[in-house]
Structures are given as C-alpha cells and as structure tokens.
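A look at the structure
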Amino acid sequence: VLIALGVGVLVLTVTGIHVAYVWIHLRRNENMGRFGMYNPTLIGAVGTILMVANVTITDSILTPVQCEGHPNGMQTLKVYRQIVCWNPDFDHQHQIMVGVASVAVLIPLAFVALCVWVVLSLPVRFRQGDVAFLRAFAFLFHRYRPGAYWYAVAVVLRNTLVTLVPIIADEALQLFTLVVVLTPCAFLSCSLFPWRVYLANVLDIATNAGFLLTIFLAALSAQNVDRGVVGTCLLVLFTVITALLVA
C-alpha cells in the first residue's frame, strides 16, 4: 500500500513540476504557444512511471483478496494475518479493504485499456501525421521495431495477469496459471524478436525461459504433482524455445 501511495505521490509531483514549469515558461515567453502544446511531455512522463510501476501498483491494490487458508477452515490475508477474510462474524475491516480495492483496481484497468487504445489507434494516427500523439505515447512503443509495436500490449497484459496469480489459493493452480501466462510471451519473443535492439530480444527470451524454468522447478517440489509430467513439459518447452532461437 505504501508503495502504491509512493507512486501516486511521484505522479502528482511530476505533474505539479510540469505545470509549474510550463506556466513560468509561458509567462516569460508569451510567444511560445499554448499550454496544451506541452501535454505530450507530461503524458509521456506519467506513462513511463505507470509502465514501470504497474505491477507494483496492481499487486498492492489486490492485497485484500490475497488470502491463505488454515487448518481450522478460516482464511486470513497473506500480508496481514490478523485480518480474517470473507467472514462477516469478525470485524468489517476486510470488507472495507475489499471495497477500497474494488475502486482502486480501476486505475490499472484504465491503464491497460489506454494501452490497448493507443496500439489500435497508432496506424491511423501515424498516417494522419499526429506528432503530438506519437510524442505522448512514445513510452509505449518506441522500444519495439516497426511492425511489432503491438507487443507492448502483450507485455502489459502479461504483467497485469501475473499480479492476479497470488489470488489463487491452490499452489499447483498458481504454477499452472503462471505457465499459461508466460509461455505465449516467450513464444512470441522467440518467433518475432519484437524489440528494437537485438540484445534486448535475447535478454527477453532468456528472462522468460528463466522464469519458466523456475516455475517448473517449483512444481517439482510441490506436493501432489506428477514429476514425470512436469519433466516432460520442461523438456518440450526448452526444446521449442531453443529451436526458435536458433532459427
């Protein structure tokens, strides 16, 4: 929660500094245009912050629904174990937290929706020569090569879906969900090489492969898991990734 508040304070600080700077700049130079001309700079700065902190913000917001079970059949929050989940017989602190989270979760959802809208609008805005649009949302697609700008949405969706995994109580289902979320991005990265810099593609592939390897190793140590199936999946996955990387 403190991290999310810190990000909010940072965004407000950047916005305040931008508004103050532009206002002073325009007061000194009246011929420098209108205030709205400098909005793309602010949008780019705030967008960059949200792009980096989106996972942290979403995870903090979803803390009230990340519960763990106990032998007595009750559930408590993973972070604040003194708070009982989904039990109206206790105090209403958890219900209040869930209500606040239900409203706050609109922030990351709005950011994801914005990213989707930007990617869908980019071809039209590019043909129209909308320089302000390109400058404002360059933080989203400037890292990707031409033709692969849409990969930004895949990254944002992947990061957002990963933050939903701790909500799942079952350990095996958590690992399965992580594999389902990470594997498509790993295959896309191997087959498309979407990043503008070649080494960034190699790093992305290695990172995704490392995450998947860690997940499969965790599955081997989990209870009630068929290790033969996990080993076979691990072998097939890395064979495919290696083949795509070599090709």
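Residues numbered from 1 in each chain as written. Predicted model: local features only at pLDDT ≥ 70, side-chain atom pairs only at ≥ 80, totals over all residues. Heavy atoms only, no water.

Re the overall build of the protein chain
Heads up, the rule is: Under the scheme used here, helices are H or I runs from DSSP no shorter than 4 residues and strands are E runs no shorter than 2 residues, and both carry numbers assigned from the N terminus. Accessibility here uses a 1.4 Å probe with only protein chains present; expressed as a share of the type maximum, an area under 20% marks a residue as buried, one over 50% as exposed, and anything in between as partly exposed. The contact rule is simple, with two residues in contact once any of their heavy atoms fall within 4.5 Å.
The number of helices and strands found in the protein chain is 10 helices and two strands. Counted from the first residue to the last, the protein chain has its helices and strands arranged as α-α-β-β-α-α-α-α-α-α-α-α. Counting across all 247 residues of the protein chain, residues that qualify as buried make up 35%. Sequence-distant contacts, at least 24 apart, represent 53% of the contacts inside the protein chain between residues at least 6 apart.

Looking at the pattern of salt bridges
Put simply, the test is: What counts as a salt bridge is simple: a side-chain nitrogen of Lys or Arg found within 4 Å of a carboxyl oxygen of Asp or Glu.
Taken as a whole, this structure holds one salt bridge when the rule is applied. A salt bridge links Asp130 to Arg125, with the shortest nitrogen-to-oxygen separation between them at 2.9 Å. Among the residues examined, Arg125 registers a relative accessible area of 23% and is labelled partly exposed.

What to know about the environment of Cys115
Relative to the helices and strands, Cys115 resides in helix 4 (residues 106-128). Spatially, the C-alpha atoms of Cys115 and Leu157 are 9.5 Å apart, while their sequence positions differ by 42 residues. For Cys115, the residues in contact, after removing those within four places along its chain, are Leu140, Val153 and Val156.

Focus: the state of the cysteines
Note the threshold: In what follows, a disulfide is any cysteine sulfur pair within 2.5 Å.
According to the stated counting rule, one finds one disulfide in the structure shown. Two residues, Cys67 and Cys85, share a disulfide whose sulfurs are 2.2 Å apart. Judged by the sign of its S-S torsion, about -95°, the bond between Cys67 and Cys85 is left-handed. Residue Cys67 is found in strand 1 (residues 67-69), and its partner Cys85 is found in the loop between strand 2 (75-77) and helix 3 (93-104); the two are separated by 18 residues along the sequence.

Quick look at the packing of aromatic side chains
The cut-off we apply is this: Geometry of aromatic contacts follows a simple scheme: Phe, Tyr and Trp rings, the Trp one being its six-membered ring, pair when their centres are within 6.5 Å, and the pair is stacked under 30 degrees between planes, edge-to-face over 60, tilted otherwise.
In total, this model carries nine aromatic pairs according to the counting rule given. Centre to centre, the rings of Trp117 and Phe137 are 6.2 Å apart; their planes meet at 80°, and the pair counts as edge-to-face. Here Trp117 is found in helix 4, whereas its partner Phe137 is found in the loop between helix 5 (131-136) and helix 6 (138-141), with 20 residues between them in sequence. An aromatic cluster is defined as three or more aromatic residues linked by ring pairs; in this entry it consists of Trp117, Phe133, Phe137 and Phe139.

Structural notes on the UniProt feature "transmembrane region" (unreviewed entry) in the protein chain
Test applied: UniProt positions are given in the numbering used here, feature names are shortened, and annotations may be inferred rather than shown by experiment.
Taking the numbering used here, the UniProt-annotated feature "transmembrane region" (unreviewed entry) corresponds to residues 6-24, 36-57, 96-120, 148-169, 175-195, 202-222 and 228-246. Taken end to end, residues 96-120 is 96% helix and 0% strand, and its first and last C-alpha atoms sit 37 Å apart. Taken end to end, residues 175-195 comprises 86% helix and 0% strand; its first and last C-alpha atoms sit 27 Å apart.

Some remarks on helix 4
Working note: α-helix, 3.6 residues per turn, so residues spaced by three or four point in the same direction. Using the following cut-off: In a helix, the anticipated span is given by 1.5 Å times the number of residues less one.
Between its first and last C-alpha atoms helix 4 spans 31 Å; for 23 residues at 1.5 Å apiece the expected length is 33 Å, and the two agree. Within helix 4, the full set of buried residues consists of Pro108, Phe111, Val112, Cys115, Val118, Val119, Ser121 and Leu122. Buried residues along helix 4 sit in contact with helix 2 (39-61), helix 3, helix 5, helix 6 and helix 7 (151-164). Once helix 4 finishes, Gly129 follows within two positions and takes phi at roughly 70°, a positive value.

Details of the packing of helix 4 against helix 7
Selection rule: Every axis in this analysis is a line fitted to C-alpha atoms, fitted for helices over the stretch in contact. Angles between the N-to-C directions lie between 0 and 180 degrees. Each angle gets one of four labels, with under 35 degrees taken as roughly parallel, over 145 as roughly antiparallel, 65 to 115 as roughly perpendicular, and the rest as oblique. A crossing counts as left-handed when the near helix is turned anticlockwise from the far one by less than a right angle, and as right-handed when that turn is clockwise. Put simply, Ala, Val, Leu, Ile, Met, Phe, Trp, Tyr, Cys and Pro go in the nonpolar bin, Asp, Glu, Lys and Arg in the charged bin, and everything else, Gly too, in the polar bin.
Where helix 4 contacts helix 7, the two axes come as close as 10 Å, and the packing angle between them is 165°. With respect to their mutual orientation, helix 4 and helix 7 come out roughly antiparallel. Between helix 4 and helix 7 lies a crossing of left-handed hand. Within the contact between the two elements, helix 4 uses Phe111, Val112, Cys115, Val116 and Val119 and helix 7 uses Val153, Val156, Leu157 and Thr160. Across the contact of helix 4 with helix 7, the residue classes tally to eight nonpolar, one polar and no charged.

Here we look at helix 7
With 14 residues, helix 7 should reach 20 Å at 1.5 Å per residue; the first-to-last C-alpha distance of 20 Å fits that figure. Within the span of helix 7, buried status applies to Tyr151, Ala152, Val153, Ala154, Val155, Val156, Arg158, Thr160 and Thr163.

With respect to the nonpolar core
Selection rule: To qualify as a nonpolar core, a set must consist of buried Ala, Val, Leu, Ile, Met, Phe, Trp, Tyr and Cys residues joined through side-chain atoms within 4.5 Å.
Phe137, Leu140 and Tyr151 are the most contacted members of the largest nonpolar core, which totals 22 residues. At the level of secondary structure, the elements contributing two or more residues to this core comprise helix 4, helix 5, helix 6 and helix 7. Those residues in contact with Tyr151 that sit more than four places away from it in its chain are Tyr144, Cys185, Leu188, Ser189, Pro194, Trp195 and Asp204. Membership of the second largest hydrophobic core comes to 10 residues, among which are Val165, Leu178, Leu182 and Ile215.

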